[in-house]
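Residue-level structure breakdown
Chain residues, written in single-letter form:
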Amino acid sequence: MQKTILITGSTDGIGLETAKALVSQGHNVLIHGRNPAKLEEAEKILSSLTGDGRVESYVADLSRMTDVKALAKAVTEKHDKLDVLINNAGVYKTPESVTQDGLDVRFAVNAFAPYLLTQKLLPLLGSNARVINLSSAAQAPVDPEVLAGKVKLSDDLDVYAQSKLALTMWSRTMALSLKDNGPVFIAVNPGSLLATKMVKQGFGMAGNDIRIGVDILTRAAMADEFATASGQYFDNDVDKFASPHPDALNPQKSAGIVHAIEAVLAEINH
Ligand SMILES: NC(=O)c1ccc[n+]([C@@H]2O[C@H](COP(=O)([O-])OP(=O)(O)OC[C@H]3O[C@@H](n4cnc5c(N)ncnc54)[C@H](OP(=O)(O)O)[C@@H]3O)[C@@H](O)[C@H]2O)c1
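Description of the structure in this document.

Cut-off values and rules
- Residues numbered from 1 in each chain as written.
- Predicted model: local features only at pLDDT ≥ 70, side-chain atom pairs only at ≥ 80, totals over all residues.
- Heavy atoms only, no water.
- Helix = DSSP H or I, 4+ residues; strand = E, 2+ residues; numbered from the N terminus.
- Expected span 1.5 Å × (residues − 1).
- Buried < 20%, exposed > 50% of the residue type's maximum accessible area, 1.4 Å probe, protein only.
- Arc of directions from axis to C-beta.
- Contact = heavy atoms within 4.5 Å.
- Polar contact = N/O pair within 3.5 Å; in protein donor to acceptor, adjacent residues only side chain to side chain.
- Near = heavy atom within 4 Å.
- Areas by Shrake-Rupley, 256 points an atom, 1.4 Å probe, with all protein chains shown as cover.
- 1 Å grid on protein atoms, 1.4 Å probe; cavity = no way out; pocket = protein on both sides within 12 Å on 5 of 7 lines; lining within 4 Å.
- Sits in = over half its atoms within 2 Å of the grid points.

A closer look at helix α9 (residues 251-269)
Helix length check: α9 (19 residues) gives 27 Å between terminal C-alpha atoms against 27 Å at 1.5 Å per residue, within 8%. Of the positions making up α9, those classed as buried are S254, I257, V258, A260, I261, V264 and L265. Viewed along the axis of α9, the buried residues span an arc of 155°, placing them on a single side of the element. In α9, the exposed positions that point more than 90 degrees away from the buried face belong to P251, Q252, H259 and E267. Next to the buried residues of α9 lie α3 (65-78), α4 (105-121), α5 (144-147) and α6 (156-178). Two or three places before Q252, at the opening of α9, N250 has a side-chain oxygen 3.0 Å from that residue's backbone nitrogen.

Examining the environment of D61
Among the secondary structure elements, D61 is positioned in the loop between β3 (55-59) and α3. Look at D61 and you get partly exposed, because its relative accessible area is 26%. Along the backbone, D61 and D239 are 178 residues apart, and their C-alpha atoms lie at a distance of 32 Å. Looking at D61, its side chain comes within polar contact range of the side chain of S63, at 2.8 Å.

Considerations on unusual backbone geometry
Positive phi, normally seen in glycine, also occurs at K179, with a value near 45°. For K179, the position within the fold is in the loop between α6 and β6 (184-189). K179 gets classed as exposed once you look at its relative accessible area, which sits at 61%. In this structure, D239 takes a positive phi of about 55° despite not being glycine. Here D239 is to be found in the loop between β7 (232-235) and β8 (240-242). The class for D239 is partly exposed, based on a relative accessible area of 45%.

So, the site of the ligand
Taken together, 31 residues lie near the ligand, and K38, Y160, L194, T196 and K197 sit nearest. One nitrogen or oxygen atom from the side chain of R34 is found 2.8 Å from an oxygen atom belonging to the ligand. D61 places a polar side-chain atom, nitrogen or oxygen, 3.0 Å from a nitrogen atom of the ligand. Protein contacts shield 97% of the accessible area of the ligand, which totals 890 Å² for the unbound molecule. Among the cavities detected, the one that contains the ligand is the largest pocket. Every element with two or more residues in the shell around the ligand is listed here: α1 (13-24), α6 and α7 (197-203).

See the structure below:
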């Protein structure tokens with residue numbers, strides 16, 4: 001069946017390649033990027049693929065929460081239903097690490113933006129829909145002061161790993177609180193050190209076959225094995241559902257992180 005799928009960060013890497021796979025399978029894919037020229041190029045490539053799928057593109061810089069809200073509004077104006085939301089956009093190394101809202105870019109793009117986008121798009125996501133959140137093998141205990149941008153870290157990997165655990169924590173919390181009244185939420189580590197710009201720039205290495213990541217995102221979006229896995233974490237390094245960092249399995253800690261995210265978003269809004 002033809003699905004309507006929004007993939008954030010689909011101008012490069014795993015997001016772009018997954019968009020290619022899904023368009024080729026005949027799905028309607030809503031692509032997103034922050035760079036209009038790259039987005040136009042991606043749309044051109046995707047539109048030239050054979051298949052019945054349609055491609056639509058949306059520009060938004062996910063380090064800015066105003067852009068996140070505008071993205072949700074633009075999608076909502078065109079669609080009353082989404083089958084899959086893949087929160088794929090992510091950042092590891094960046095020349096400017098503080099956003100205009102005073103947050104670390106990694107927390108803004110990797111944890112806050114997907115949280116806010118998902119909340120805003122919930123009315124479009126029925127109980128058969130899926131939200132796939134791009135987690136990572138790198139997960140580290142979240143310092144609320146770092147999350148709120150009050151303490152800055154110079155270690156890219158530390159702040160990236162904290163942002164990915166925050167995402168994994170809200171993913172499970174949202175799943176458990178919405179239960180059957182919302183979509184299926186799955187946090188996915190797509191595979192470590194896959195050959196993308198993030199890995200080239202961040203670790204100076206070519207990386208592993210990107211198709212490892214494309215394959216698991218396609219399965220998470222489509223396959224039956226994920227339909228009843230809401231709240232779980234899939235670790236593609238071992239090709240199975242696995243335990244995330246223990247903090248993500250601790251309801252009190254996870255609720256605390258969700259509360260902290262909400263508090264920061266409320267402050268930004270004023
Ligand atoms: N590659 C791996 O081994 C690996 C492992 C674990 C998890 N992941 C996760 O997988 C996801 C995809 O990563 P990737 O490896 O494919 O990296 P990538 O090639 O760098 O692609 C990242 C995508 O996110 C977009 N993006 C970054 N910052 C943005 C912002 N401020 N606003 C809007 N879009 C933004 C990028 O846009 P531009 O094209 O403009 O840069 C690009 O489309 C990320 O969440 C990453 O953390 C990757």
